[in-house]
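These are the residues of each chain, in order.
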Amino acid sequence: MAEKIGVYIDQSGVGPLLNAEELAEFVKNKFGGATPVVKTHPRLASEDGRALIKADVDAGGLDGVLVCGSSPRVDWDIFDFPGVLVERVNLREQCAMCYQNPDGSLPAAGGPLPKDLKVMAEDYLRMGVVKLQKMKAPTPDIPETTKRILVLGGGWTGLTSALNAAAAGYDVLLVEQAEALGGWAAKMYKSIPKSYPYTTAEDTGIQQKIKAVTANPRISVATSTALVQLTGAPGNYEAKLAGPKGEETTKVGAVVLATGWVEQDKKYLEPLGYGKFKNVVTSMEFETMVAKGGLSRPGGGTAKSVAFLVDVNLCTAAAAAPAETPAAPAAPAPEAKKPEEKKEGEAAETTFVYPDMESCKHMSYSSELSSLVALKQAGYVVEKDASAVAYIFYDHMMVPGINERYYKAAQDKPGVMLTKGLITDIREDADKGLIISAKDTLLGELIEIKADLVVVPTAMVPVTAHEPTINLNYRQGPAFPDLPLFDGFVDSNYICFPYETRRTGIYAAGCVRQPMTMGTAETDAAGATLKAIQCLASLNRGMAVHPRSGDMSFPVFNFVRCTQCKRCTEECPFGALDDDPKGTPMPNPTRCRRCGTCMGACPERVISFDNYNIDQIGTMIKQIEVPPDMKADGPRALVLVCENDAYPALDMAAMRGHTWSPYVRFIPVRCLGSVNTIWIADAMSRGMDGVLLLGCRYGDDYQCHFVKGSELCNRRMANVAESLNRLGVEPERVLQEQVAIDEYDQVPAIIDRFMDAIIKIGPNPFKGY
Amino acid sequence: MEKAVRIQPDLQFVKDLQEVGGEALKRCYQCATCSVVCPISPAENPYPRKEMVWAQWGLKDRLVNDIDIWLCHNCGTCSDMCPRGAKPGDLLSALRNMAYRNLVEPVAIGKWMSSSSYLPILAGIPALLYLFIWIIRASQLGSFFPLFTWDEHAHAFVTDPNGVVVYGGLFPGDFTIDPIFGLVALLVAFVFFRGVVKLFKSFETLPKTFVVAGAPKPTWIEAVKGVILDEVATHVKWKKCGYSTAADEQKFKGHFILFYGFIALAIVTSIVAVSHWGGKVVSFIAPLGHTPMELWNPVKVLANVGALMLLYGLTQLTKRRLNQDPTKQGSSFYDWYLLGVIWFIALTGIFAELLRLANVPVLAYPIYYFHLICVFMLFAYLPWSKLGHLVYRTAALVYARRLGRVAVEPKEIKIFKL
């Protein structure tokens, strides 16, 4: 609760029309003793400006500083004063720069101060002061933590991750389900190039890596061991492991999930003759065959010609055909998940059914690898027998990035012959060779060719498509949520943030995340390991991890008023809240990402943050002056803006010269998920004519930084519309719009469209009450 | 459904092609830039892209029957523009080299002609033949370097220590030159005949519908006329291959002048041969071809002009080859063999004439001996050498014209100027 607030107004930030002195006068008159210091400065973001504030802070008379001028997204390093609460009023981008007259014209330079601009600036100043008044410095509970990292999976990625973590000074527990370390890499003859010049297949290097791991004193290895359950929260997990010596429980701080992939069910390869003809093998079978020796065929004899079928259109077409595959697993999976999740909420003892998410689609997802592996294995053929030939039929040769060099090198081998083409048929010849027919090839419309051996791709299916893997003891269930959306790949694909999962403290790397090469997996392992370390090094200081890295606030529950409705525990996108048998939420601060979705969900408003709460935003809304006559003084609309994308988009729009209606007032929110419907009620009962919510895209291609926030908000808005209807208020007055950070140019149109609609609807019937 | 065509890749053929000048062929990734930039490729099934694909797959049967390798004049535009440095131009010349090597029997000669290591055999045959003649004649005349005067009475050259160098005296045309070269010419003509028949037969596998819609098929006569007027005599087509850089100019002028230099020398040889042998029947034309000629004799003038044209043409072509960018285009043994042999013919011919005029027998006769060897090496191995294109390309061009397989005339593109 800041009670002695210093207000500093930056003349360079408020522009030529507004006058800092007049604004200072306004604040003094309005707040008096609550703001003992009100000063102006020609340019606050300077040594001199900073020194001015610093002197006042050091003098000890202040507990809050309100900097009025530029956007809080800039110069935050300058206006950082430890010991006092600091808040910013964005008078530059979101007031002075974006201002236009109500008729759309721009105010004349050097002309008189437009009335609406003055009103707007004063609204923001009032909101700024009360925001500080309703703010406390967060005092996090710093938990006891263990810094040990659990790496799940002893394959290429897991080994790399363990070595990285150990090199960074962290103890590692490496758990591998199989008897030996190495995973798929240990079964391989060679790897596609991992180093310059990226032209020759090389030794996988897996044995050296295993040696390095087993020799490292920081890494303890548990093979033939499975993770039975993971209880607790980041920094303080209890991992129950089942190994050769029975079950044991051990403490770990964070987890790197590198459980990799399993081979796709080979039934999907039947259209290419697999299973029907002996001399049709998968690329993984071919790999082990070559690793063991040569090119001898399963059907007898040695292969002098090997055809690699990278084109799998026959398989995908067969899988898409309705009647043929009763298992068509992709479609029912998402539905299977939802009712099951509900059940979980009802009673924890209900048997948990994990939907199987494997489908033919994994063949397409693996296509880059299929291309690269075909190039690599074609190289094996000519390496093992200089007079043998390898044919590659591809629909798409996918060799992105540096691997183009490998493609060139593979192509340069006389015995490696490539053509684009669609496989139409495959049949067996009298000598057990195979005749492949293909159309639309580079060699002709319809061709056929004989090969002694045919290699069809092995598609990679993430382990998480079949089982929860992570086996969490969380209220929301043992698995990562919503994986059917990603066909079982661990949901780490925030557009901008790899490795993240929806379970804080657990970071995915390697093929469990997406099919990738060993080279990419190595980078991936490093990334996920660093994220795990970052997590441990944040929560032991009470700080949040991505995306609110460094945030010290956390949700505080006033349990006295809690009605055990479980909305918060169900809606938390990160499963941070467990509950006791009565249904009272049990917070786990280190799992929490501080998005405030629980605060937005709570109908009793028992959840708050020290520096962000229901009362604070509600009070701010009440500071917006609403003129009683909409015709004379214009309408008023509240815009609740997501801080992550929409807020910077507004700043950018203003900086690039866009302007919009002077009747909107912006209040930033952590996430639209944190918007409590009471704020909308507050705004409407104040007589405001509309509420616009600007947030991230939601749905399958969501861009929400908290995954579910904007989607949950949208769901709540349906209820809001219902309530408004009941009250006789037009539901169109409340609107949620989706904005991506790069759509700054569309933001002005969104606002103006909304304001036009509001003007058309007319004044809020509650105005003046 | 249409019948699928069985593909039979031949790895050895790929390797062979790489050996005779197509070493970069595997680099092609089928973007078709080559076919697009080629100034003379037909619109239907254009070359050289399809040849690149076939070559990568070792589709020998298609490539050895491919008429398009003869339509290409090797301007190198495709190789210059190739984003992968796959040198399609070099591949097509490699395919032609392969045709020189394998098209006609005896293929042993084709093999000798494919590599510098067989040069001793190629040169050895005429060298031994004429050395043998030289020794016999020396024993008859009493000197390896005899001098002669014309004996009007005997109507023959007779040795005379105070006489002059007369090549026909040491190597009498009637017995040592004309019969040998006549026989060689007949054999070469026969080999070429067989070659062209074989070539035409291989082309028969081509689709017959190359004609661009509506275009009338020319008759054989029209086709021959077209080839001679558009291609051989005027080089008009070839000029279309590009005439913008210094190298283009060198190539075009060099080939054009060299070609007409040979024509001039062919006319001289014909006049001499016809008047000499014809003179034995119709005696009054005999003096026309009597050698050695006076320097002012129009036929001699033509011969000397022809020789100078050879020198000019050779200089241009050699300059171009030496200045080639090796990352874009290469020169094979076939190229250097042909240039080398013609260089030797021209130089030994000119020096033989000068030394004869200077009357220096110890130098003149050996030089003339070398001249004979070079001329033999050019003509006797003609069907297996790069110069074989004289016949094969001409034949293929006529055939292609008959089929209607000709380049689309580029349409004038309107360029908007501000």
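If you're wondering where the values come from, they're calculated on a predicted model, not measured in any experiment.

Scoring rules and cut-offs
- Residues numbered from 1 in each chain as written.
- Chains lettered and ligands numbered in written order.
- Predicted model: local features only at pLDDT ≥ 70, side-chain atom pairs only at ≥ 80, totals over all residues.
- Helix = DSSP H or I, 4+ residues; strand = E, 2+ residues; numbered from the N terminus.
- Rg over C-alpha atoms; globule rule 2.2 N^0.38 Å.
- Buried ≥ 20, exposed ≤ 12 C-beta atoms within 10 Å, placed from the backbone.
- Contact = placed C-beta atoms within 7 Å.
- Nonpolar A, V, L, I, M, F, W, Y, C, P; charged D, E, K, R; others polar.
- Pairing = 2+ DSSP bridges.
- Axes fitted to C-alpha atoms, helices over the stretch in contact; angles between N-to-C directions.
- Parallel < 35°, antiparallel > 145°, perpendicular 65-115°, else oblique.
- Left-handed = near helix turned anticlockwise from the far one by under 90°.
- Core = buried A, V, L, I, M, F, W, Y, C linked by C-beta atoms within 7 Å.
- Domains from an automatic or database assignment.
- Expected span 1.5 Å × (residues − 1).
- pLDDT = per-residue confidence, 0-100.

## As for the overall build of chain B
In step 1: Scanning chain B from terminus to terminus reveals 18 helices and 3 strands.
In step 2: For 418 residues, the compact-globule formula gives about 22 Å, and the C-alpha radius of gyration of chain B, at 24 Å, lands near that figure.
In step 3: In terms of overall dimensions, chain B has a C-alpha envelope of 85 × 50 × 40 Å along the principal axes.
In step 4: For chain B, the residues scored as buried account for 37% of the 418 residues in total.
In step 5: In chain B, 71% of the contacts between residues at least 6 apart in sequence involve partners at least 24 apart.

## Considering the interface of chain B and chain A
In step 1: Each side of the interface is counted separately: chain B has 17 residues, and chain A has 17 residues.
In step 2: Here the element with the most residues in the side of chain B that touches chain A is helix α1 (residues 11–22) of chain B; it accounts for 4 residues.
In step 3: When grouped by side-chain class, the residues that make up the side of chain B that touches chain A number 9 nonpolar, 3 polar and 5 charged.
In step 4: In this sheet, strand β1 (residues 5–7) of chain B lies alongside strand β19 (residues 444–451) of chain A in parallel orientation, the contact comprising 3 bridges.

## A closer look at the packing of helix α6 (residues 156–167) of chain A against helix α7 (residues 206–215) of chain A
Residue and element names in this part refer to chain A.
In step 1: At their nearest, the axes of α6 and α7 sit 10 Å apart, and the two run at 40 degrees to each other. Considering the angle they form, α6 stands oblique to α7. Here α6 runs over α7; the crossing is left-handed. Here W156, L159, T160, A162 and L163 of α6 come into contact with α7, specifically with I206, K209, I210, A212 and V213.

## Brief notes about the sheet that holds strand β10 (residues 246–252) of chain A
Residue and element names in this part refer to chain A.
In step 1: Ordered in space as β8-β9-β10, the 3 strands form an open sheet in which the pairing is antiparallel. For this open sheet the edge positions go to β8 (226–233) and β10, each flanked by a neighbour on one side alone. On average, each strand axis in the sheet is inclined to that of its neighbour by 20 degrees, with strand direction left out of account.
In step 2: Inspection of the sheet shows β8 paired to strand β9 (residues 236–243) by 7 bridges, in the antiparallel sense. Paired with L230 across the bridge in β9 is A239.

## Description of the nonpolar core
In step 1: Counting residues in each nonpolar core, the largest one holds 222 residues, and the members touching the most others are V256, L257, F308 and V454 of chain A.
In step 2: Among the elements that line this core, the one with the most residues is helix α17 (residues 361–379) of chain B, at 11 residues.
In step 3: Inspection of this core shows a minimum of three residues originating in each of domain 2 (149–263 + 461–539) and domain 3 (266–323 + 362–458) of chain A.
In step 4: Once residues lying within four places of it in the same chain are set aside, the contact partners of V256 of chain A are I149, V151, L152, S161, Y507, A509, A528, T529 and A532 of chain A.

## Remarks on helix α16 (residues 333–358) of chain B
Residue and element names in this part refer to chain B.
In step 1: Taking 1.5 Å as the rise per residue, α16 with 26 residues should run 38 Å; its terminal C-alpha atoms sit 36 Å apart, in good agreement.
In step 2: Listed as buried for α16 are Y334, Y337, V341, I342, I345, A346, T348, G349, A352, E353 and R356.
In step 3: In this structure, the buried residues of α16 make contact with α7 (88–102), α10 (167–170), α15 (298–322) and α17.
In step 4: Once α16 finishes, N359 follows within two positions and takes phi at roughly 55 degrees, a positive value.

## As for the environment of F144 of chain B
Residue and element names in this part refer to chain B.
In step 1: Here F144 shows up in the loop between α9 (119–141) and β2 (148–151).
In step 2: Here the alpha-carbon distance between F144 and L170, two residues 26 residues apart in the chain, equals 8.4 Å.
In step 3: With sequence-adjacent residues up to four places away left out, F144 is seen in contact with W134 and A138.

## Brief notes about the environment of V669 of chain A
Residue and element names in this part refer to chain A.
In step 1: Considering the arrangement of structural elements, one finds V669 in strand β28 (residues 664–669).
In step 2: For V669, a count of 29 C-beta atoms within 10 Å puts it in the buried group.
In step 3: Discounting residues that sit within four places of it in the chain, V669 has contacts with L640, V641, C642, E643, S674 and V675.

## Some thoughts on helix α19 (residues 646–655) of chain A
All names here are of chain A.
In step 1: The buried fraction of α19 is high, at 7 of 10 residues.
In step 2: For α19, every residue scored as buried is listed here: A646, Y647, A649, L650, D651, A653 and A654.
In step 3: Where α19 is buried, its residues meet α4 (92–97), β27 (637–642), β28, β29 (690–695) and α22 (747–761).
In step 4: Just past α19, the residue G657 takes up positive phi, approximately 90 degrees.

## Regarding the confidence of the model for chain B
Residues and elements named next belong to chain B.
In step 1: Of all residues in chain B, 94% have pLDDT values of 70 or greater, and the mean over the chain is 86.
In step 2: Contacts from residues 209–213, a stretch scored under 50 in pLDDT, to residues over four places away or in other chains number 8 contacts.
In step 3: Here the prediction assigns the complex a pTM of 0.85, and the interface score ipTM is 0.78.

## A word on the sheet that holds β1 of chain B
In step 1: Here we have 4 strands laid out as an open sheet, ordered β17(A)-β18(A)-β19(A)-β1(B), and mixed in their pairing. Taken across any chain shown, the strands that pair with only one partner, and hence form the sheet edges, are β17 (422–428) of chain A together with β1 of chain B. Taken over all neighbouring pairs, the strand axes of this sheet differ in orientation by 30 degrees on average, direction set aside.
In step 2: As defined by bridge partners, β17 of chain A adjoins strand β18 (residues 434–441) of chain A across 6 bridges and the pair is classed as antiparallel. Counterpart to D425 of chain A in the pairing with β18 of chain A is S437 of chain A.

## Structural notes on the pairing of strand β4 (residues 85–90) of chain A
Residue and element names in this part refer to chain A.
In step 1: Taking burial as the measure, the 6 residues of β4 include 6 buried ones, the bulk of the element.
In step 2: Where burial is concerned, the two faces of β4 agree: the one with L85, E87 and V89 and the one with V86, R88 and N90 are both buried.
In step 3: Bridge count between strand β3 (residues 64–69) and β4: 6 bridges; the pairing is parallel. Its bridge partner lying in β4, V65 is registered against V86.

## A few points about the domain arrangement of chain A
Residue and element names in this part refer to chain A.
In step 1: Taken domain by domain, chain A holds domain 1 (1–137), domain 2 (149–263 + 461–539), domain 3 (266–323 + 362–458), domain 4 (556–608) and domain 5 (612–769).
In step 2: Its C-alpha centre places domain 1 at a distance of 23 Å from the equivalent point of domain 5.
In step 3: Contacts between the two partners involve 21 residues from domain 1, matched on the other side by 19 residues from domain 5.
In step 4: Listing elements by their share of the side of domain 1 that touches domain 5, those giving two or more residues are α4 and α5 (115–133).
In step 5: Looking at the side of domain 1 that touches domain 5, the element that brings in the most residues is α5, giving 9 residues.
In step 6: For the side of domain 1 that touches domain 5, a count of residues per class yields 11 nonpolar, 3 polar and 7 charged.

## Focus: the packing of helix α8 (residues 283–292) of chain A against helix α12 (residues 367–384) of chain A
All names here are of chain A.
In step 1: Orientation of α8 relative to α12, taken along the N-to-C sense of each, is 30 degrees, at an axis distance of 11 Å. For the element pair α8 and α12, the recorded crossing hand is left-handed. Listed contacts from α12 to S283, F286, E287 and V290 of α8 are V373, Q377, Y380 and K384.
In step 2: Its residues assigned to classes, the contact of α8 with α12 comprises 4 nonpolar, 2 polar and 2 charged.

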